[in-house]
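What follows is the residue order along each chain.
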Amino acid sequence: MNDIQIRSEYGLDEVQARIEKHIDTLSNFTATPGNGTTRLTYSKEDLQARNYIKEKMKEIGLQVREDGFGNIFGKLEGTLKDAPSVLIGSHFDSVPNGGSYDGPAGVVAGLEVASLFAKNQLKPKYPLEIIALIEEEGSRFGGGLMGSRGIVGMLSEDDFKSLKDKDGVTTEEAMVKIGLDPSLPKKRDSKTMKAFLELHIEQGPILEEKGIPIGIVESIVSLTQLEVTVKGQAGHAGTTPMDRRADALVAAAKMIAQLPELAEEEGNGTVITTGQLNVFPNGSNVIPDKVVFSVDIRSGKEENVLNVIEKVKELVDFYSGNGIQTSVEQLLYVQPKMMNKDILSLLKKKTSEFNVPYCSINSGAGHDAMVFSDYTDVGMLFIPSKNGLSHCPEEWSDSRHLAMAVQIFYEAAKKLTEAE
Ligand code: GLV
Ligand code: MN
Ligand code: MN
């Protein structure tokens, strides 16, 4: 995969070296050094990463601003008055103990496309905007895709304000703590967006197994995130007889153990995951009186996701009674999304012109691109993930592949911005 011939006028080696430096630097902004990237939204590490991204945007000559969610925008003005922008970017938050590439790869790709515009002194008609989005993972405030949902108005200002992290800190309190201004404009008119391009690591094994460096994304799965709350009665672990207990954790464990069957019964590649479990009061000698756990359901077909949501609700309901109360809240629901046909053709054309092998691919992961797809023309590229791993410290992608993707996006962005 590494000996593909690339045209040299882009200074690919330079681009690749800078990409490595960006990725390396950003990966140091973690709350868990030595154990992967943990960069929660509005944390100290978020501030460090945002300062770095803003500084790099300024070095390239972009006009930098943040919105009332803390999303970052670096704009190269176009020559047309009030013209919509071509956006390129991704998110810069991470899951707990995640990798260095999920999110930052796309932000860095955007920075490098803008660098090539600057280096070649291009004058776009339509503005080019590099964007770095907050809270795509939902690791701090739940739900996920928050930066993009906020921009398009899918997340209302009131809903945003009411969100709290696990310690009860609100979004606005957390923003203010790192010096962000929640009163800045939030929603953006879709008329200000001409297109959105996102580069992302594949996060699965397909491209690596096929030996193909570029995946052109056709569609993104339907996904939902549920939050199940189970309430029982706290009590002494030593003195409460087994038949007098309403143990919230035992009830939750029985539910969670049955979830995989629900996805397997549904078939069609439907997947279900409980990745977050909070036990209260979390004392080793206290019977748990409350458990809150996540249920993430995905499938290429919306119908499968909807069916499994109903089955989860029935299952959770079944465990209500005998001192146990249960409830289910839907934190996120997104239909499957298709990428824009014209952008797909453009990306295929540009990739072919570089003689870079590519294949079409569907995304099992959620991305900000799926949110933007209802508001503007969207295209995504994937690059291979080593051993198909992601959301873990071992996550790794080849900076050469990232540099190839930058060249493809550069050519696509030149066309979309009508740059000369
Ligand atoms: C983001 O990584 C997601 O697919 O949940
Ligand atoms: Mn992710
Ligand atoms: Mn991601």
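Residues numbered from 1 in each chain as written. Chains lettered and ligands numbered in written order. Predicted model: local features only at pLDDT ≥ 70, side-chain atom pairs only at ≥ 80, totals over all residues. Heavy atoms only, no water.

**Student:** Can you help me understand the coordination of the manganese ion (ligand 3) in this one?
**Tutor:** Octahedral metal centres with six donors ideally show angles of 90 or 180 degrees, and tetrahedral centres with four donors ideally show 109.5 degrees. His91 (NE2), Asp102 (OD) and His200 (NE2) make up the full set of protein donors to the manganese ion (ligand 3), lying at 2.0 to 2.2 Å. All donors to the manganese ion (ligand 3) come from one chain, and their sequence spacing reads H-x10-D-x97-H. Here the manganese ion (ligand 3) and the manganese ion (ligand 2) are spaced 3.5 Å apart, and both take Asp102 as a donor. Of this pair, Asp102 sits in the loop between β3 (85-91) and α3 (104-119) while His200 sits in strand β5 (residues 193-201), and the two are 98 residues apart along the sequence. Of the two residues, Asp102 and His200, both sit in the buried class. (Donors = N, O, S within 2.8 Å, 3.2 Å for Na, K, Ca; no water. Helix = DSSP H or I, 4+ residues; strand = E, 2+ residues; numbered from the N terminus. Buried < 20%, exposed > 50% of the residue type's maximum accessible area, 1.4 Å probe, protein only.)

**Student:** So what exactly am I meant to see when it comes to the environment of Gly98 here?
**Tutor:** Mapped onto the elements, Gly98 comes out in the loop between β3 and α3. Taking the relative accessible area as the measure of exposure, Gly98 reaches 1% and is therefore buried. Between the C-alpha atom of Gly98 and that of Leu277, which follows or precedes it by 179 residues, the distance is 18 Å. The contacts of Gly98, once residues within four sequence positions are left out, are Gly36, Thr37, His391, Cys392 and Pro393. (Contact = heavy atoms within 4.5 Å.)

**Student:** Sorry, what's going on with the site of ligand 1 here?
**Tutor:** In the vicinity of ligand 1, the residues found are Glu136, Glu137, Arg298, Ala365, Gly366 and His391. Measuring from an oxygen atom of ligand 1, one finds a side-chain N or O atom of Arg298 at 2.6 Å. Here an oxygen atom of ligand 1 and a side-chain polar atom of His391 are 3.0 Å apart. If ligand 1 stood free it would expose 190 Å²; the protein chains cover 88% of that surface. Each residue belonging to the shell around ligand 1 can be placed in one class, and the counts come to one nonpolar, two polar and three charged. (Near = heavy atom within 4 Å. Polar contact = N/O pair within 3.5 Å; in protein donor to acceptor, adjacent residues only side chain to side chain. Areas by Shrake-Rupley, 256 points an atom, 1.4 Å probe, with all protein chains shown as cover. Nonpolar A, V, L, I, M, F, W, Y, C, P; charged D, E, K, R; others polar.)

**Student:** Looking at this structure, how should I read the packing of aromatic side chains?
**Tutor:** Two aromatic rings are characterised by how far apart their centres lie and by the angle between their planes. Going through the model one piece at a time under the given rule, you end up with six aromatic pairs. Aromatic pair Tyr42 and Phe141: ring centres 5.9 Å apart, planes at 50°, arrangement tilted. Linking Tyr42 in the loop between α1 (12-27) and α2 (44-60) with Phe141 in the loop between β4 (128-133) and α4 (146-152), this pair joins segments that are 99 residues apart in sequence. Each of the two residues, Tyr42 as well as Phe141, counts as buried. (Phe/Tyr/Trp six-rings, centres within 6.5 Å; stacked < 30°, edge-to-face > 60°.)

**Student:** Explain the coordination of the manganese ion (ligand 2) to me, please; I cannot follow it from the model alone.
**Tutor:** The coordination sphere of the manganese ion (ligand 2) contains the protein donors Asp102 (OD), Glu137 (OE), Glu137 (OE) and His391 (NE2), at a distance range of 2.0 to 2.6 Å. Along the chain, the residues donating to the manganese ion (ligand 2) fall in the pattern D-x34-E-x253-H. Asp102 gets classed as buried once you look at its relative accessible area, which sits at 5%.

**Student:** I keep staring at the packing of α2 against α3 and nothing clicks. Help me out?
**Tutor:** For any two helices packed against each other, one specifies the crossing angle of their axes together with the interaxial distance. Put simply, α2 and α3 touch, their axes get as near as 9 Å, and they point 15° apart. By the angle between their axes, α2 is roughly parallel relative to α3. Crossing angle aside, the handedness with which α2 passes α3 is left-handed. Where α2 abuts α3, its residues Ile53, Lys56, Met57 and Ile60 lie against Val107, Leu111, Ala114, Ser115 and Ala118. For the contact of α2 with α3, the per-class residue count stands at seven nonpolar, one polar and one charged. (Axes fitted to C-alpha atoms, helices over the stretch in contact; angles between N-to-C directions. Parallel < 35°, antiparallel > 145°, perpendicular 65-115°, else oblique. Left-handed = near helix turned anticlockwise from the far one by under 90°.)

**Student:** Is there a simple way to explain unusual backbone geometry in this structure?
**Tutor:** For residues that are not glycine, phi is negative in most cases, and the peptide bond is trans in most cases. Across the junction of Phe280 and Pro281, the peptide omega takes the value -5°, indicating a cis bond. We note that Asn97 has phi near 55°; this positive angle belongs to a residue other than glycine. Position of Asn97 relative to the elements: it lies in the loop between β3 and α3. Non-glycine residue Leu145 carries a positive phi angle of around 50°. Mapping Leu145 onto the fold places it in the loop between β4 and α4.

**Student:** Looking at this structure, I do not really get the domain arrangement of the chain. What am I missing?
**Tutor:** Interface size is often expressed as the accessible area that is lost when the parts come together. On domain assignment, one finds that the chain holds domain 1 (12-221 + 336-417) and domain 2 (222-334). Placing a centre on the C-alpha atoms of domain 1 and another on those of domain 2 gives a separation of 32 Å. In total, about 920 Å² of surface goes out of reach between domain 1 and domain 2, with carbon and sulfur atoms giving 64% of it. When residues of domain 1 are sorted by the area they lose upon contact with domain 2, Gly143, Val221 and Pro336 head the list and together hold 53% of the total. At the junction of domain 1 and domain 2, the tally comes to zero salt bridges. Summed over the shared surface of domain 1 and domain 2, the result is two residue pairs in polar contact (both at pLDDT 80 or more). (Domains from an automatic or database assignment. Buried area = accessible area lost by both parts, 1.4 Å probe. Salt bridge = Lys/Arg side-chain N within 4 Å of Asp/Glu carboxyl O.)

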